[in-house]
Amino acid sequence: MDKATKCCRLTIWLKSGSSISGEFHTSLGTTSSVRPSDALRECKGGFLVLSKTTIHEDNETRQQQAIMVRLDAISYIELPETGWRAR
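Residues numbered from 1 in each chain as written. Predicted model: local features only at pLDDT ≥ 70, side-chain atom pairs only at ≥ 80, totals over all residues. Heavy atoms only, no water.

Asks: So what exactly am I meant to see when it comes to the confidence of the model for the protein here?
Replies: Where the model shows low pLDDT, its predicted coordinates should not be examined in detail. Within the protein, residue pLDDT values average 85, and 90% of them lie at 70 or more. Across the protein, the element-wise mean pLDDT spans from 68 in strand β6 (residues 85-86) up to 95 in strand β4 (residues 60-70). (pLDDT = per-residue confidence, 0-100. Helix = DSSP H or I, 4+ residues; strand = E, 2+ residues; numbered from the N terminus.)

Asks: It is not clear to me how the side chain of H25 should be interpreted in this structure. Could you clarify?
Replies: Structurally, H25 can be placed in strand β2 (residues 19-27). In terms of polar contacts, H25 uses its side chain to reach the side chain of S51, at 2.7 Å. (Polar contact = N/O pair within 3.5 Å; in protein donor to acceptor, adjacent residues only side chain to side chain.)

Asks: Is there a simple way to explain the packing of aromatic side chains in this structure?
Replies: Two numbers describe a pair of aromatic rings. These are the distance of the centres and the angle of the planes. Evaluation of the coordinates by the stated rule reveals one aromatic pair. Ring geometry for W13 against Y76: centres 6.0 Å apart, planes inclined by 20 degrees, an arrangement best described as stacked. Of the two residues, W13 sits in strand β1 (residues 5-14) while Y76 sits in strand β5 (residues 74-78), which places them 63 residues apart along the sequence. The class of W13 is partly exposed, set by a relative accessible area of 27%. (Phe/Tyr/Trp six-rings, centres within 6.5 Å; stacked < 30°, edge-to-face > 60°. Buried < 20%, exposed > 50% of the residue type's maximum accessible area, 1.4 Å probe, protein only.)

Asks: Is there a simple way to think about the pattern of salt bridges in this case?
Replies: Side-chain pairing between opposite charges can occur once the charged atoms of the two side chains come close. Enumeration according to the criterion identifies two salt bridges in this entry. Of the charged contacts in the structure, one is a salt bridge between R62 and E57, with a shortest N-O distance of 3.2 Å. (Salt bridge = Lys/Arg side-chain N within 4 Å of Asp/Glu carboxyl O.)

Asks: Could you clarify how one ought to interpret the pairing of β2 in this entry?
Replies: The side chains of a regular strand alternate, first on one face of the sheet and then on the other. In terms of burial, β2 is largely enclosed, as eight of its nine residues are buried. The pairing of β1 with β2 spans nine bridges and is antiparallel. Across the sheet, L10 pairs through a bridge with G22, a residue of β2. Counted along the chain from β1 to the antiparallel partner β2, the turn is four residues long, and its residue G17 has a positive phi close to 100 degrees. (Pairing = 2+ DSSP bridges.)

Asks: Would you explain the nonpolar core in this entry?
Replies: A general trend in soluble globular proteins is that nonpolar side chains are found buried together. Membership of the largest hydrophobic core comes to 16 residues, with the highest contact counts inside it found for I20, F24, L48 and L50. Ignoring any residue separated from it by four or fewer positions in sequence, one finds I20 in contact with L10, T11, I12, L14, L50, T53, T54, I55, I67 and V69. (Core = buried A, V, L, I, M, F, W, Y, C linked by side-chain atoms within 4.5 Å. Contact = heavy atoms within 4.5 Å.)

Asks: Got a minute to help me understand the pairing of strand β3 (residues 47-57) in this structure?
Replies: In this structure, β2 lies alongside β3, joined through five bridges in antiparallel fashion. Along β3, the bridge assignment pairs S21 with T54. Looking at chain direction, β3 and β4 are connected through 10 bridges and run antiparallel. Note that in β4 the partner of H56 across the bridge is T61. The turn joining β3 and β4, which pair antiparallel and follow one another in sequence, is formed by two residues; a positive phi near 50 degrees is taken by D58.

Okay, here's the thing in structure tokens:
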């Protein structure tokens, strides 16, 4: 991520049963009144991009710097209790 952003940590559950937790970023200029759930609705292009991810799949865990998740592969998303934090 080259631009200044703020982020929140999400856990995404896929229809396959796997889960991915990682940082979801938005522009630093995004107002604090925009909740992560609102920002997720504005994702375009059919993908959600996460950084600093942990992937839980087939009883194994692995780290990956960044990942693109197809929106139609998502079963549900656990939203953070806290809001955005600046990087």
